Amino acid sequence: SPAQDGGSAIVGFRLWRRAVYPGGPWEMCTDTEDEFKLMDDLPPGTLFTFGVAAINAFGVGDFSEESSPVYTSATQPSPPVMLQVLTIGVDRLEIAWEPGMYDGGTAVTKYCLEMQQAAGEFEQWGSQLSADQRSLNVTGLVGGAQYGFRVKAGNSVNFSGPSQA
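How each quantity is defined
Residues numbered from 1 in each chain as written. Predicted model: local features only at pLDDT ≥ 70, side-chain atom pairs only at ≥ 80, totals over all residues. Heavy atoms only, no water. Phe/Tyr/Trp six-rings, centres within 6.5 Å; stacked < 30°, edge-to-face > 60°. Helix = DSSP H or I, 4+ residues; strand = E, 2+ residues; numbered from the N terminus. Buried < 20%, exposed > 50% of the residue type's maximum accessible area, 1.4 Å probe, protein only. Salt bridge = Lys/Arg side-chain N within 4 Å of Asp/Glu carboxyl O. Pairing = 2+ DSSP bridges. Axes fitted to C-alpha atoms, helices over the stretch in contact; angles between N-to-C directions. Core = buried A, V, L, I, M, F, W, Y, C linked by side-chain atoms within 4.5 Å. Contact = heavy atoms within 4.5 Å.

S.K.: Explain the packing of aromatic side chains residue by residue, including any values.
M.R.: Tallied over the full model, the rule gives four aromatic pairs. Between the aromatic rings of Trp 16 and Phe 63, the centroid separation amounts to 5.4 Å while the plane-to-plane angle is 85°, which identifies the pairing as edge-to-face. Linking Trp 16 in strand β1 (residues 12-19) with Phe 63 in the loop between β4 (59-60) and β5 (70-71), this pair joins segments that are 47 residues apart in sequence. Classification of Phe 63 as partly exposed rests on a relative accessible area of 41%.

Right, here's the structure in full:
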């Protein structure tokens, strides 16, 4: 709470945030009656500073000094989307996908293709792929056999869950 209330009882607080890099603008987060507020909607992998102003019957007061920077931890990315088979041959196919909606706050650096034979378990097929490789030729398949495929995206934190098979 501020040292002075401006002649009227404080009824709440206005919170603002700013992404430090790349130097974003101040954005209003929320108005709250509480002196403590959990900020659980911050994008991960971002450095933020915060400001707060008291609210009373006369309006919103001056903002506090900018807080020290706070870093939100990165998380795993979301799974790739739009998994599709582009071409099919007797013993091969080409499969492609698009990046997921969210990189987890740090760049996606790799993909992993998983293959399932008939009703078996999914297992990694081949080696990990670079982030710019979004299609793959799968060879050595047996004609008439059933296969399932899915892809996971990886960043510096972990791999995503699998795409839709």
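Let's pick the thread back up.
S.K.: Requested: an account of the pattern of salt bridges, with residues and values cited.
M.R.: Here the structure, examined in full by the defined rule, presents five salt bridges. Three or more residues are tied together by salt bridges with common partners; here these are Glu 114, Arg 150 and Lys 152.

S.K.: Let's hear about the sheet that holds strand β6 (residues 81-88): which residues, and what values?
M.R.: Taken together, the three strands give an open sheet; going across it, the order is β6-β7-β11, and neighbouring strands pair in antiparallel fashion. Two strands lie at the open edges of the sheet, namely β6 and β11 (135-139), each paired on one side alone. Direction aside, the axes of adjacent strands within the sheet are offset by 25° on average. As paired strands, β6 and strand β7 (residues 92-98) are joined by five bridges and run antiparallel to one another. Across the sheet, the residue bridging to Val 85 is Ile 95, located in β7.

S.K.: Before we move on, can you summarise the nonpolar core with the specific residues and values?
M.R.: Counting 13 residues, the largest nonpolar core has Ile 95, Trp 97, Leu 113, Leu 136, Val 138 and Phe 149 as its most contacted members. Only β7, β8 (110-117), β11 and β12 (147-154) provide two or more residues apiece to this core. Beyond its immediate sequence surroundings of up to four residues, Trp 97 is in contact with Pro 80, Val 81, Met 82, Leu 83, Tyr 111, Leu 129, Gln 133, Arg 134, Ser 135, Leu 136 and Val 151.

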